[in-house]
Amino acid sequence: MTAAHNDQSVVHRAVPGPLSQHYLDRQEIQESNARTYPRRLPIAVRRASGSRLEDVDGNVYIDFLSGAGALILGHNHPELVDAVRRQLDDFVHGLDLPTPIKAEFTNRQLGMLPEAMRDRMKLHFCGPTGANGVEAAIKLAKIHTGRPGIISFQGAFHGSTTGALALTGDLENKRDVPDLMPGVQFFPYSYCARCPLGLRPDTCSTNCVTYLERTLADSHSGMPKPAAMILELVQGEGGTIPATREFARRIWKLCRKHDIVLIVDEVQTGCGRTGTWFAFEQYDIEPDVIIASKGLSGIGLPVALLLYDRRLDGWRPGAHIGTFRGNQLAFASGVAALDVIERERVLENVAQQGKLLSERLFELAKFTPWIADVRGVGLMWGVELVNPETGQSATKLARAVQAAALRNGLILEVGGRDDCVLRMLPPLNIDAHTMNEAMDALAEAFVTATEGLNPERKG
Ligand SMILES: Cc1ncc(COP(=O)(O)O)c(C=O)c1O
């Protein structure tokens, strides 16, 4: 039985099964202590197809992690695999030399921008990770403005390189690394479930952004005007937190007013994840720089790029280079992915399946007092778990639900403050049957996990 031919998620054996355990044990000896996913998703993978993934013990799971959001059309989409195979025979590694497939990919990417932006945007291919795109965007903004500072937002995640990490909120990962990039200031994000200013939603007038507005206008704020602000329109790793419309629009206007470059990090929200090609389209804003990566190839082949306003194009030849900027296989599968997305109206599917997913999550929240917030856009959803008695993050419960879901055949991510948010990033072409199956597995996991916590009711 293969994942490709099996439309049921079946866990036959304990998780991890004996073969998975064998690979996990070897990995522990041979690989770095910094490894992450196998610690909470203890499986070794044999193969995958579409929404399903099969471990080496024959257990089949629905995959709502989707390669950390990269697999927008699920695993190994056959049309994308064919496109890669054909490209393999022609040309693979192209630095930044032009090629026909790269030209087509570039055209198609620029064509995904809102019409009003198309002619004034240019594209830069970066080293093939989101973090490398972030580094490039920072350099572009600093070179253009001649200013050193960058404003980031509390809860942000921008990657693991030292510049991107400096822009990241999570202190745990920064603590042990001295001398990250200087000049970064953090301001509050519109995280209404835990208002950074401690206000109740009914008294809120987006004071989080008012604080930033007033700081920039204050001649005694102590903060020189920065080169750029970098913003996720939905904070992903931070706990799936959509920016409020007013927050994002006021940030945009503020950047315009003070001639600050607005960089939107669409590494996770881009490529249709939120139901539009880019999330910023839903906010009626026009950023100066867009960083895109994860979903660009559609099949998980690495590629990252900046789309940016031509007026910023003052960097010198070679200002941001990298050996792996010309992955022709990624370009070929990226073009094929766009064909599938357009032909099969995948963005409409995101709206439909996102509605189903959110309805199922809100339904679950009615019966689960530990669910403090359900939030998301398109097919990027999070469920925040809080102990209803103490108001504390229910970290243990989140882990227990993740583990129980895995045993029920569903792969979920956990993130956010204190790791108390269950995160869901299904493929954008998922069908209703699979979505319902996944939600049944999640509901069952909640029953098992909450029973496990009683009677102490410790989160
Ligand atoms: C918003 C955002 N920016 C940047 C990154 C870093 O991307 P990469 O892991 O490819 O370096 C991520 C990764 O999850 C992300 O979610």
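Trainee: For this particular structure, what's the right way to read the overall build of the protein chain?
Mentor: Scanning the protein chain from N- to C-terminus turns up 15 helices and 17 strands. Each principal axis of the C-alpha distribution contributes one length, and for the protein chain these read about 60 × 60 × 45 Å. Looking at the 459 residues of the protein chain, the share that counts as buried comes to 56%. Counting contacts in the protein chain only where the partners sit at least 6 residues apart, residues at least 24 apart contribute 74% of the total. Here the protein chain contributes 49 positive and 54 negative side-chain charges, whose respective centroids are spaced 4 Å apart.

Trainee: Looking at this structure, how should I read the pairing of strand E7 (residues 228-231)?
Mentor: Working note: regular strand, side chains alternate between the two faces of the sheet. Covered by surrounding structure in E7 are Ala228 and Ile230 together with Met229 and Leu231, the residues of both alternating faces. With two bridges joining them, strand E5 (residues 150-153) and E7 adopt parallel strand pairing. For Ile150, the partnering residue across the bridge sits in E7 and is Ala228. As paired strands, E7 and strand E10 (residues 261-265) are joined by four bridges and run parallel to one another.

Trainee: Explanation requested: the environment of Asp90 in the structure shown.
Mentor: For Asp90, the location among the structural elements is in helix H4 (residues 78-90). Measuring from C-alpha to C-alpha, the distance between Asp90 and Gln328 comes to 9.3 Å, with 238 residues separating the pair along the chain.

Trainee: What am I meant to see in the environment of Arg311 here?
Mentor: Of note, Arg311 is situated in the loop between strand E12 (305-309) and helix H12 (328-343). In sequence terms Arg311 and Glu281 are 30 residues apart; their C-alpha atoms lie 21 Å from each other. Excluding its chain neighbours within four sequence positions, the residues that come into contact with Arg311 are His144 and Asp288.

Trainee: Explain the packing of aromatic side chains to me, please; I cannot follow it from the model alone.
Mentor: Both the distance between ring centres and the angle between the ring planes are used here to describe each pair of aromatic rings. Scanning the entire structure with this criterion turns up nine aromatic pairs. When the ring of Phe187 is compared with that of Tyr211, the centres are 5.5 Å apart and the planes differ by 45°; the resulting orientation is tilted. Of this pair, Phe187 sits in strand E6 (residues 184-187) while Tyr211 sits in helix H10 (residues 207-217); the two residues are 24 residues apart in sequence, bridging distant segments of the chain. A relative accessible area of 4% places Phe187 in the buried class.

Trainee: I would appreciate a short explanation of the packing of helix H5 (residues 100-111) against H12 in the present structure.
Mentor: Helix-helix packing is characterised by the crossing angle of the two axes and by the distance between the axes. Contact geometry for H5 and H12: axes closest at 9 Å, N-to-C directions at 45°. By the angle between their axes, H5 is oblique relative to H12. In this structure, H5 meets H12 at a crossing whose hand is left-handed. Residue-level contacts link Ile101, Lys102, Glu104, Phe105, Arg108 and Gln109 of H5 to Gln328, Ala330, Phe331, Ala332, Gly334, Val335, Leu338, Asp339 and Glu342 of H12.

Trainee: How should the site of the ligand be read in this particular structure?
Mentor: The environment of the ligand is made up of Thr129, Gly130, Ala131, Phe157, His158, Gly159, Glu232, Glu237, Asp265, Val267, Gln268 and Lys294. A distance of 2.6 Å separates a nitrogen atom of the ligand from a polar side-chain atom of Asp265. Relative to its free-state accessible area of 390 Å², the ligand is covered by the protein chains to the extent of 82%. A breakdown of the residues in the shell around the ligand according to their chemical character gives three nonpolar, five polar and four charged.

Trainee: Just to check I follow, could you spell out the sheet that holds strand E14 (residues 380-385) for this structure?
Mentor: Strand pairing in a sheet relies on backbone hydrogen bonds, with the paired strands running either antiparallel or parallel. In spatial order, the strands read E13-E14-E17-E16; together these four strands make up an open sheet with antiparallel pairing. Every interior strand has two partners, whereas the edge strands, strand E13 (371-377) and strand E16 (413-415), have only one. Each strand axis lies, on average, 25° off the axis of its neighbour in the sheet, ignoring direction. As judged from the three bridges shared by E16 and strand E17 (residues 421-424), these two strands associate in the antiparallel manner. Looking at E17, one finds that Val414 is bridged to Leu422. Contacts from helix H13 (residues 346-367) reach E13, E14 and E17, with the element oriented near 10° to E14.

Trainee: Whenever I open this one, H5 confuses me. Can you help?
Mentor: Residues spaced three or four apart along an α-helix face the same direction, because each turn holds 3.6 residues. The first and last C-alpha atoms of H5 sit 16 Å apart over twelve residues, in line with the 16 Å expected at 1.5 Å per residue. Here H5 has its buried residues at Ile101, Lys102, Phe105, Thr106, Arg108, Gln109 and Leu110. Residues of H5 that are buried in the fold lie against H4, helix H6 (115-118), strand E4 (121-125), E12 and H12.

About the criteria used
- Residues numbered from 1 in each chain as written.
- Predicted model: local features only at pLDDT ≥ 70, side-chain atom pairs only at ≥ 80, totals over all residues.
- Heavy atoms only, no water.
- Helix = DSSP H or I, 4+ residues; strand = E, 2+ residues; numbered from the N terminus.
- Buried < 20%, exposed > 50% of the residue type's maximum accessible area, 1.4 Å probe, protein only.
- Contact = heavy atoms within 4.5 Å.
- Lys, Arg positive; Asp, Glu negative; His and termini not counted.
- Charge placed at Lys NZ, Arg CZ, Asp CG, Glu CD.
- Pairing = 2+ DSSP bridges.
- Phe/Tyr/Trp six-rings, centres within 6.5 Å; stacked < 30°, edge-to-face > 60°.
- Axes fitted to C-alpha atoms, helices over the stretch in contact; angles between N-to-C directions.
- Parallel < 35°, antiparallel > 145°, perpendicular 65-115°, else oblique.
- Left-handed = near helix turned anticlockwise from the far one by under 90°.
- Near = heavy atom within 4 Å.
- Polar contact = N/O pair within 3.5 Å; in protein donor to acceptor, adjacent residues only side chain to side chain.
- Areas by Shrake-Rupley, 256 points an atom, 1.4 Å probe, with all protein chains shown as cover.
- Nonpolar A, V, L, I, M, F, W, Y, C, P; charged D, E, K, R; others polar.
- Expected span 1.5 Å × (residues − 1).

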